[in-house]
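Report on the structure
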Amino acid sequence: MSTSSPSLLGIDIGGTKTAFVLACADGTMLDRKVIPSHAADGLDAMLARIVTIANEQIRDNPVTHVGVSVGGPVDASTGLVLGPPNLPGWTNVPLADHLTRSLGRPCRIEHDAKACTLAEWRFGAGRGVQNLLYLTLGTGLGAGIVIDGRLVRGGHEAAGEIGHWRIAHDGPMVYGKCGSLEGWASGSGLPRLARHLYPEIFGQLSSGEELHCSAEAGKAEAIETIRQSGMALGRALAMVIDLLAPERIILGSMARRLGDRFIKPLLEAAQKESLPASFARCEIVPAELGETIGDVAAICVAMQAMEDERHVA
């Protein structure tokens with residue numbers, strides 16, 4: 001625990017919980033407070049709670065900059081939250097401006113996938129490289145991209161929606177189409193994939209954790225579902241490797257939970273489908289930050305706000 005004074009406040013807003021993290025200017029975390037989000041209460045009630053608790057943190061600590069990680073779609077350049085599916089009523093919300101006025105501190109917001117990419121790049125498995133891809137591999141499947149040491153945003157801040165790719169002619173229905181990558185390789189997609197492949201066995205399956213437990217117990221159909229999920233993601237990553245030539249691809253939490261049953265077929269498919277030289281130069285590794293990644297991500301957004309201000313000055 002650092003004895004330095006906190007100068008950054010990170011806020012990680014999710015549909016289930018919202019975390020408030022105090023940190024030093026170098027990113028060292030000092031304190032954390034978590035509240036239920038109560039997203040069903042709507043925008044105004046959520047914002048009021050966030051502002052109240054953030055002001056309590058600022059009142060008691062010398063905070064200079066605030067960073068927010070929130071589900072997309074987000075336009076970080078204008079500070080707008082555009083309508084995350086897990087936050088009903090959050091459509092075209094000028095969150096950065098609202099918090100800047102309410103807290104009296106510069107506030108920056110970021111799409112949670114891009115914020116987590118910054119976190120792994122600065123403090124996790126992405127340290128030391130200038131070209132990487134981070135895959136969320138949580139409930140959904142999104143990506144953050146760093147090329148030549150810069151976070152790739154794309155037009156309208158929309159770069160990285162790899163989960164929308166159609167990678168098969170058939171498969172679970174996600175985003176209004178069958179065969180999307182998120183349907184084949186994500187936390188919410190995995191039970192759907194099991195039900196699609198083996199409806200007579202997994203017709204009532206409700207979670208990826210249930211499937212993982214079945215695989216641990218040796219159930220062949222569960223093991224095969226996980227293998228096919230890994231292969232599907234590996235084929236997609238081969239296209240990323242050939243297109244972007246990343247030095248490192250970082251796999252989010254689902255990969256670590258599923259282990260070699262998922263990662264081994266992923267690596268085999270990626271190697272088979274990509275250019276040999278490009279594959280040889282790319283490490284594919286699990287994320288390092290684990291359950292702390294949301295906290296670190298929000299702090300990284302605050303750090304970015306602080307650094308941008310220094311560059312302008």
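Placed above this text is the structure.
Residues numbered from 1 in each chain as written. Predicted model: local features only at pLDDT ≥ 70, side-chain atom pairs only at ≥ 80, totals over all residues. Heavy atoms only, no water.

**Thoughts on the nonpolar core**
Core analysis: the largest hydrophobic core is formed by 39 residues, its most contacted members being Leu 135, Leu 137, Leu 233, Leu 251, Phe 262 and Ile 284. Among all residues touching Leu 233, those that are not within four sequence positions of it are Leu 135, Leu 137, Leu 141, Leu 181, Ala 185, Phe 262 and Leu 266. One finds Ile 11, Leu 47, Val 66 and Val 70 within the second-largest nonpolar core, a separate group that totals 29 residues. (Core = buried A, V, L, I, M, F, W, Y, C linked by side-chain atoms within 4.5 Å. Buried < 20%, exposed > 50% of the residue type's maximum accessible area, 1.4 Å probe, protein only. Contact = heavy atoms within 4.5 Å.)

**A short note on helix H10 (residues 260–273)**
Between its first and last C-alpha, H10 extends 19 Å over 14 residues, near the 20 Å set by a 1.5 Å rise per residue. Taken together, the buried positions of H10 are occupied by Phe 262, Ile 263, Pro 265, Leu 266, Ala 269 and Ala 270. In this structure, the buried residues of H10 make contact with helix H8 (220–244), strand S13 (248–251), helix H9 (253–258), helix H11 (276–280) and strand S14 (283–286). (Helix = DSSP H or I, 4+ residues; strand = E, 2+ residues; numbered from the N terminus. Expected span 1.5 Å × (residues − 1).)

**So, the layout of surface pockets**
Here the second largest pocket defines a volume of roughly 220 Å³. Forming the boundary of the second largest pocket are Arg 108, Leu 118, Trp 121, Arg 122, Gly 149, Arg 150, Leu 151, Arg 153, Gln 304, Glu 307 and Asp 308. When contributions to the lining of the second largest pocket are tallied by element, the ones reaching two or more residues are helix H3 (112–123), strand S10 (150–151) and helix H12 (293–312). Along the lines of polarity and charge, the residues of the lining of the second largest pocket split into three nonpolar, two polar and six charged. (1 Å grid on protein atoms, 1.4 Å probe; cavity = no way out; pocket = protein on both sides within 12 Å on 5 of 7 lines; lining within 4 Å. Points joined across faces, edges and corners; volume = space filled by probe spheres on them. Nonpolar A, V, L, I, M, F, W, Y, C, P; charged D, E, K, R; others polar.)

**Some points on the sheet that holds strand S2 (residues 17–23)**
The five strands lie next to each other as S3-S2-S1-S4-S7, forming an open sheet whose pairing is mixed. Here the strands that pair on one side only, and so sit at the sheet edges, are strand S3 (29–36) and strand S7 (107–111). Direction aside, the axes of adjacent strands within the sheet are offset by 15° on average. Direction of pairing for strand S1 (residues 8–13) relative to S2: antiparallel, over a ladder of six bridges. By the bridge assignment, Leu 9 is partnered in S2 with Leu 22. (Pairing = 2+ DSSP bridges. Axes fitted to C-alpha atoms, helices over the stretch in contact; angles between N-to-C directions.)

**Description of the sheet that holds S14**
Within the open sheet, the five strands sit side by side as S10-S9-S8-S13-S14. Their pairing is mixed. Looking at strand neighbours, the two that pair on one side only are S10 and S14, the edges of this open sheet. Each of strand S8 (132–135), strand S9 (143–147), S10 and S13 touches H3; the most contacted strand, S8, lies at about 125° to it.

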